[in-house]
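What the coordinates show
The chain contents come next:
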2 protein chains.
Amino acid sequence: MPVGAIPFPFGDCRICNDKATGVHYGVATCEGCKGFFRRSIPKGEKYKCFFGGQCVISPQNRNRCKACRFKKCLDTGMAIDGMIFQILHSKSC
Amino acid sequence: MPVGAIPFPFGDCRICNDKATGVHYGVATCEGCKGFFRRSIPKGEKYKCFFGGQCVISPQNRNRCKACRFKKCLDTGMAIDGMIFQILHSKSC
DNA sequence: AAAGTAGGTCACAAGGTCAG
DNA sequence: CTGACCTTGTGACCTACTTT
């Protein structure tokens, strides 16, 4: 990083309000939410909220409820392509 | 760019349908497919399609499948001098 | 001169890694 | 599983060069 550079020009993570490190999967997020979203793609359906589905995601509690965290990712617009998942169901050559 | 100039007189990229920026390696392509083809030449053999070898290349998903993107480059006629023919005889997908 | 392309550059994001 | 860090490919922009 150059001297005098602004450390976090991307503002806050749109998911948990931590510091965003860049635009990831279409949304400014921190490294944590970026990695979480990537890992969640193949298993997102299985998440379930135990607190009523209205959890407020913060840097401190973001690992408390995967369901609400992942829901916020989707609601905010994070996406890996979109059509890829249909394609994944087809066979390779 | 002069005032009144047409931004993309070359039409659409023959590979991914993004906007073409000129004729590159013999084919009207965007900057992305131009750079991808240039980088691919020394390693194109190693690409492999995991989706059946029939991927439709679009600006959004063009980085999903290097094999099909590169195959389309070759099929569409992109070439760097004469080395193209050697590559065509090797495996792809 | 103008027009146009090959190849270089490098900030940026995707995906991988692995200690915790 | 998490997330700070790492590696690698991408593509918008740039320069150098050719052609007319």
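Attention in this report is confined to the structure presented alongside it. (Residues numbered from 1 in each chain as written. Chains lettered and ligands numbered in written order. Predicted model: local features only at pLDDT ≥ 70, side-chain atom pairs only at ≥ 80, totals over all residues. Heavy atoms only, no water.)

1. A few points about the protein's contact with DNA strand C
Every one of the 15 residues lining DNA strand C counts as a neighbour, but A:Lys34, A:Arg38, B:Tyr25, B:Lys34 and B:Arg64 are closest to it. When atoms of DNA strand C within 4 Å of the protein are sorted by moiety, sugar and phosphate together comprise 63%. A distance of 3.2 Å separates a phosphate oxygen of DNA strand C from a polar backbone atom of B:Val23. A distance of 2.6 Å separates a base oxygen of DNA strand C from a polar atom in the side chain of B:Lys34. Of the residues that constitute the surface near DNA strand C, the class distribution is six nonpolar, four polar and five charged. (Near = heavy atom within 4 Å. Polar contact = N/O pair within 3.5 Å; in protein donor to acceptor, adjacent residues only side chain to side chain. Nonpolar A, V, L, I, M, F, W, Y, C, P; charged D, E, K, R; others polar.)

2. Description of the protein's contact with DNA strand D
Close contacts around DNA strand D come from 20 residues, with A:Glu31, A:Lys43, B:Glu31, B:Arg62 and B:Lys66 the closest. Protein-proximal atoms of DNA strand D, defined as those within 4 Å of the protein, fall in sugar or phosphate at a share of 64%. Within the side chain of B:Asn63, an N or O atom sits 3.1 Å from a phosphate oxygen of DNA strand D. Within the side chain of B:Lys66, one N or O atom sits 2.7 Å away from a phosphate oxygen of DNA strand D. If you list the elements that add at least two residues to the surface near DNA strand D, you get helix 1 (31-40) and helix 2 (66-76) of chain A together with helix 1 (31-40) and helix 2 (66-76) of chain B. Across the surface near DNA strand D, the residue classes tally to two nonpolar, four polar and 14 charged. (Helix = DSSP H or I, 4+ residues; strand = E, 2+ residues; numbered from the N terminus.)

3. A word on the environment of A:Asp12
Residues and elements named next belong to chain A. By secondary structure assignment, the location of aspartate 12 is in the segment before strand 1 (22-24). When its relative accessible area of 37% is taken as the criterion, aspartate 12 is described as partly exposed. Measuring from C-alpha to C-alpha, the distance between aspartate 12 and glycine 22 comes to 9.6 Å, with 10 residues separating the pair along the chain. At 3.3 Å, the side chain of aspartate 12 and the side chain of lysine 19 are in polar contact. (Buried < 20%, exposed > 50% of the residue type's maximum accessible area, 1.4 Å probe, protein only.)

4. Some thoughts on the packing of aromatic side chains
Summed over all chains, the structure comprises 10 aromatic pairs over all chains. Pairwise contacts between aromatic rings join A:Tyr25, A:Phe36, A:Phe37, A:Tyr47 and A:Phe70 into one cluster. Stacked on the ring of B:Phe36, the Lys or Arg B:Arg69 has its end atom at 4.5 Å from the ring centre. (Phe/Tyr/Trp six-rings, centres within 6.5 Å; stacked < 30°, edge-to-face > 60°. Lys NZ or Arg CZ within 6 Å of the ring centre and 35° of its normal.)

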